[in-house]
Amino acid sequence: MATSAGAKTTHHFVIGSVINDLSNPFLATMGKAEQAAAAKAGATIHVVSGSSSGTISIGTQIAEVKQFVSEHVNAILLTASNPQAIVPAVKLANKAKIPVFAVNTTVGKGAKTVTFVGDNDYQYGTEEAKLLVQAIHGRGNVALLEGVLGDSPEVLRTNAIHAVLKKYPHIKVVSTLVDNWTNPQNITDVQDLMSKYGTHGLQAVIAEGPEMYAGAELARSRGDKTTAFIAGDYSKQVQQAIERGALYGTVDQSPATEGTMAVQYAVDYLTGKRSKIKTPQAYIPLPLITKANVRKINATWSS
């Protein structure tokens, strides 16, 4: 359920937000949504990037959480790059009785969070697979492009995709590659697939992130008019690719919704409205976007 920050509070709260990589367009959009929601709620929020010299750094994130604890902020929003490595820092916040909300990424075992705000990655993969089945009418050879191997989203989305496709005996996953959620690798993967299968050997290619628009546009430019390309997430580039027919569809995980919900829940917690908070997970909706509705739902971020 998408929520928006409510009326201004009678108390002034200070919220600290650690986002592992504000150079990432998705996460930057989430951070801006947190700032907008905090301003609407009459709270102050300090959003910091958990990266050092352009490289994501769990050490930096740990130091930032510790700094917020030392400043006695009222709540901490946390998007950590390593769920387990961040646990000791979250324990310090727990000891200081500062509520911590996991946003977009989870916190590992051993520390307490009020709730997790983000997508259900297994459901995400399930919805992607449904799009694929719909696109090829339950029959054909397909390729899967996985994200960063071992990351929780990659594992859950991959497992869900395979679970759905097992129900369709006429769909066969003939190739699995890794694009690491980067445009250059996605393009390289699509080039490899085209070299191996030509422009008619695959009925669909499904990727676990928005980078699929890059490979899909390449395939279309080289004469592939039949392969159905399925992406994940909904950037402006993905929207344009769906409008042009390069992409069949995607699953919309909204960073703005995640950021707004996280701040709202923090404010609810601090104002004694804890019954409004969904625990232990507060999953955002994951609407499907295809050519049928793409012009009615505008993307909010650029990849």
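Higher on the page you've got the structure.
This is a predicted model, so every value here is computed, not measured.

Bringing the pairing of strand β6 (residues 100-103) into the picture now. Side chains V100 and A102 project from β6 onto one buried face, and the interleaved F101 and V103 project onto a second face that is buried too. Summarising the sheet, strand β5 (residues 75-79) and β6 pair through 3 bridges and their orientation is parallel. When the bridges of β6 are listed, L78 appears paired with A102. With respect to chirality, the unit in which β5 leads through helix α3 (residues 87-95) into the neighbouring parallel β6 is right-handed.

Along α3, the residues that are buried comprise V87, A89, V90 and A93. The buried residues of α3 occupy one face: seen down the axis, they fall within an arc of 160°. If you follow the buried residues of α3, they end up packed against α2 (58-70), β5 and β6. Phi for K97, located one or two positions after α3, is positive at around 60°.

Glancing now at the sheet that holds strand β13 (residues 281-283). Read across the sheet, 6 strands follow the order β2-β1-β5-β6-β7-β13 without closing on themselves; strand pairing throughout is parallel. Both edges of this open sheet fall to β2 (44-49) and β13, since each of them pairs with a single strand only. Across the sheet, the mean angle from the axis of one strand to that of its neighbour is 20°, orientation sign disregarded. In terms of strand pairing, β6 meets strand β7 (residues 116-118) through 2 bridges, oriented parallel. In the sheet register, V103 faces β7, and the bridge partner there is V117. Where helix α1 (residues 25-41) meets the sheet, it contacts β1 (14-19), β2, β5 and β6, and its direction lies at approximately 165° from that of β2.

Quick notes on the rules
- Residues numbered from 1 in each chain as written.
- Predicted model: local features only at pLDDT ≥ 70, side-chain atom pairs only at ≥ 80, totals over all residues.
- Heavy atoms only, no water.
- Buried < 20%, exposed > 50% of the residue type's maximum accessible area, 1.4 Å probe, protein only.
- Helix = DSSP H or I, 4+ residues; strand = E, 2+ residues; numbered from the N terminus.
- Pairing = 2+ DSSP bridges.
- Right-handed = clockwise from strand over helix to strand, strands pointing away.
- Arc of directions from axis to C-beta.
- Contact = heavy atoms within 4.5 Å.
- Axes fitted to C-alpha atoms, helices over the stretch in contact; angles between N-to-C directions.

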